[in-house]
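Residue strings, one per chain:
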Amino acid sequence: MDFNSLKFETRQIHAGLRKDDTTGSRGVAIYPTAAYRFKDCGHAARLFELSEGGNIYTRLQNPTSSAYEERVAALYGGVGALAVASGMSGILIVVTSLASAGQNIVVSPHLYGGTYNLFRHSLRRLGIEIRFAESDSPADFAKLVDENTRALFAESMGNPTCDVADIEGLANVAHAAGVPLVIDNTFGAGGYLCNPFDWGADIIVDSATKWINGHGTAMGGIIVDSGHFAWNNGKYPLIDGPSEGYHGLNLYEAFGPAAFIVKCRVDGLRDFGASPSAFDSYLMMIGLETLSLRVRHQVESTRTLAEWLRGNPNVKKVSYVGFEDHPGHELAKKYFRSAGSGVLTVELEGTLDTTVKFVEALQLAAHMTMIGDSITVVTHPASTTHKQLSEADLAAAGVTPTLLRISLGLEAVEDIINDFNQAFEAARS
């Protein structure tokens, strides 16, 4: 079936499902198996040389995960997707599939703390240079691009500052340099709020732990390939060239538009082993069925809470992309459905100490490092997600001692407001 002709809400339920004539099952089965029986030795040989598709070992592929991958690819309109164990492992596999030692990636300064550390420290030890642009401006990215650049990387909406990337502008810079644009679209809620492919992005990574799962029950990441980038421009011999691991097979010649996502699977997942369990992929499938319903409620609740906080004397600053005074509002209007987001940030009046007291006094809202959950989450980035950053790097990322990131859940927003009220009173006392 051509899922591209269907609305997002229909695709999130039907894509990836296969009619099971044996059992008549409505849902996708969980396949808790590590390995698969081969029909004969010839069948096994064809699978291992990639001349025939099929299951070899769950580190590479699993029927439950395959159904989940098909659903996400359909939601984004991509040529294929790859489920991985976490969003971070997805970024690692993408970058190492694109760049080798001596080459570089140009990235946004507005990144999740874990991504920042991967780029600043771990990848550097592998010999891959990460160049941080001064801002999300396409012009600042362009200044750092040279003949050794192999990708541009940004978040569709920065974590935790909610800065909005100019996806189309960055895509133009990337394509002028002959490299792909990679977007971490975690804040884009599985493509419902934002689909970077519509604006020229080539590869999407997403922390599926967040809105895709939606209930805080599983860890996972997803890589999606648009299938639009031409890998035969001479910059990517590991994709358009003889593969040492597969007897000289040229992935681009063999798999065409799907060559990149195949490389991520047959090299990245094979070697790094960051595969999800079948049960976690099943939980992601269940979460996707209600994605649009959950996100609509969360966006509405976020705006209501943001408006209440903007008039609260305990709050110094409210940063919400839905407000016209947010620096990313115009870009959010362009790239995000209804300029909406399920996350806002606030800077409280007072000090680090009073901010900590407020967070610890919350009773309904959870103090966790999480977004996109059914539970409202309040995170203090300076002491959690960005704790490893230096003072200079914190300042560059826009993280202050009293900054809080708030991700609205599925509760009645009136109850969350009352919870915030009592926490403000406790902090003052």
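Residues numbered from 1 in each chain as written. Predicted model: local features only at pLDDT ≥ 70, side-chain atom pairs only at ≥ 80, totals over all residues. Heavy atoms only, no water.

The subject of this paragraph is unusual backbone geometry. Located in the positive-phi region is Leu50, a residue other than glycine, with phi close to 70°. With respect to the helices and strands, Leu50 occurs in the loop between α2 (41-48) and α3 (63-76). Of the residues examined, Leu50 reaches a relative accessible area of 18% and is grouped as buried. Phi angles above zero are rare outside glycine, and Ser338 is one such case at about 55°. (Helix = DSSP H or I, 4+ residues; strand = E, 2+ residues; numbered from the N terminus. Buried < 20%, exposed > 50% of the residue type's maximum accessible area, 1.4 Å probe, protein only.)

Before going further, it helps to spend a moment on the side chain of Glu289. Tracing the chain through its elements places Glu289 in the loop between α10 (278-288) and α11 (291-310). Not counting residues within four places of it along the chain, the set of residues in contact with Glu289 comprises Gln12, Ile13, Arg26 and Arg71. (Contact = heavy atoms within 4.5 Å.)

On to the sheet that holds strand β12 (residues 366-367), then. Within the open sheet, the five strands sit side by side as β10-β11-β14-β13-β12. Their pairing is mixed. In the strand order of this sheet, the two ends are held by β10 (315-319) and β12, each with one partner. Relative to strand β11 (residues 343-348), β10 runs antiparallel, the two being bridged by four bridges. When the bridges of β11 are listed, Val315 appears paired with Leu348. Against the sheet, α11 touches β10, β11 and β14 (403-407), its axis set at about 15° to β11. On top of the sheet, helix α13 (residues 352-361) reaches β11, β12, β13 (377-379) and β14; it is set at about 20° to β14, its chief contact. (Pairing = 2+ DSSP bridges. Axes fitted to C-alpha atoms, helices over the stretch in contact; angles between N-to-C directions.)

So, on to the sheet that holds strand β2 (residues 104-107). Spatially, seven strands are ordered β1-β7-β6-β5-β4-β2-β3 in an open sheet, and the strand pairing comes out mixed. The sheet terminates laterally at β1 (80-84) and β3 (129-132), the two strands that pair on one side only. Strand-to-strand, the axes of this sheet are offset by a mean angle of 20°, without reference to chain direction. Here strand β4 (residues 149-155) runs beside strand β5 (residues 181-184); their pairing, made up of four bridges, is parallel. Counterpart to Ala154 in the pairing with β5 is Ile183.

Moving on, we get to the packing of α11 against helix α15 (residues 413-428). α15 packs onto α11 with a crossing angle of 35° between their chain directions and a minimal axis gap of 10 Å. Crossing of α11 over α15 shows right-handed handedness. Contact residues: α11 offers Ser301, Thr304, Leu305, Trp308 and Leu309, while α15 offers Val413, Ile417, Phe420, Asn421 and Phe424. A breakdown of the residues in the contact of α11 with α15 according to their chemical character gives seven nonpolar, three polar and no charged. (Left-handed = near helix turned anticlockwise from the far one by under 90°. Nonpolar A, V, L, I, M, F, W, Y, C, P; charged D, E, K, R; others polar.)

Over the atoms a probe the size of a water molecule is rolled, and this reveals where empty space is left. The space that makes up the largest pocket amounts to roughly 620 Å³. Those elements that provide at least two residues to the lining of the largest pocket are α2, α3, β1 and α9 (259-272). Of the residues assigned to the lining of the largest pocket, the class counts are 15 nonpolar, five polar and six charged. Residue lining of the second largest pocket: 21 residues in total, with Met88, Tyr112, Asn159, Ser207 and Lys210 positioned closest to the centre. It is helix α4 (residues 87-98) that contributes the most residues to the lining of the second largest pocket, three residues altogether. (1 Å grid on protein atoms, 1.4 Å probe; cavity = no way out; pocket = protein on both sides within 12 Å on 5 of 7 lines; lining within 4 Å. Points joined across faces, edges and corners; volume = space filled by probe spheres on them.)

With that out of the way, let us pick up the pairing of β4. Most of β4 sits out of view: seven of its seven residues are buried. In this sheet, β4 lies alongside β2 in parallel orientation, the contact comprising four bridges. Paired with Asn104 across the strands is Thr149, a residue of β4. In this fold, β4 hands off to helix α7 (residues 167-176), which returns the chain to β5; that crossover is right-handed. (Right-handed = clockwise from strand over helix to strand, strands pointing away.)

As a further point, take α3. With 14 residues, α3 ought to run about 20 Å at 1.5 Å a step, and its terminal C-alpha atoms sit 20 Å apart, in line with that. Burial of α3 is extensive: 11 of the 14 residues sit out of reach of the surface. Of all the residues in α3, the buried ones are Thr64, Ser65, Ala67, Tyr68, Glu69, Arg71, Val72, Ala73, Ala74, Leu75 and Tyr76. Taken together, the buried residues of α3 touch α1 (8-14), β1, β6 (203-207), β7 (221-225), α9 and α10. Backbone nitrogen of Thr64 and a side-chain oxygen of the N-cap are separated by 2.8 Å at the start of α3; the cap is Asn62. Two residues or fewer after α3 comes Gly77, characterised by a positive phi angle close to 75°. (Expected span 1.5 Å × (residues − 1). Polar contact = N/O pair within 3.5 Å; in protein donor to acceptor, adjacent residues only side chain to side chain.)

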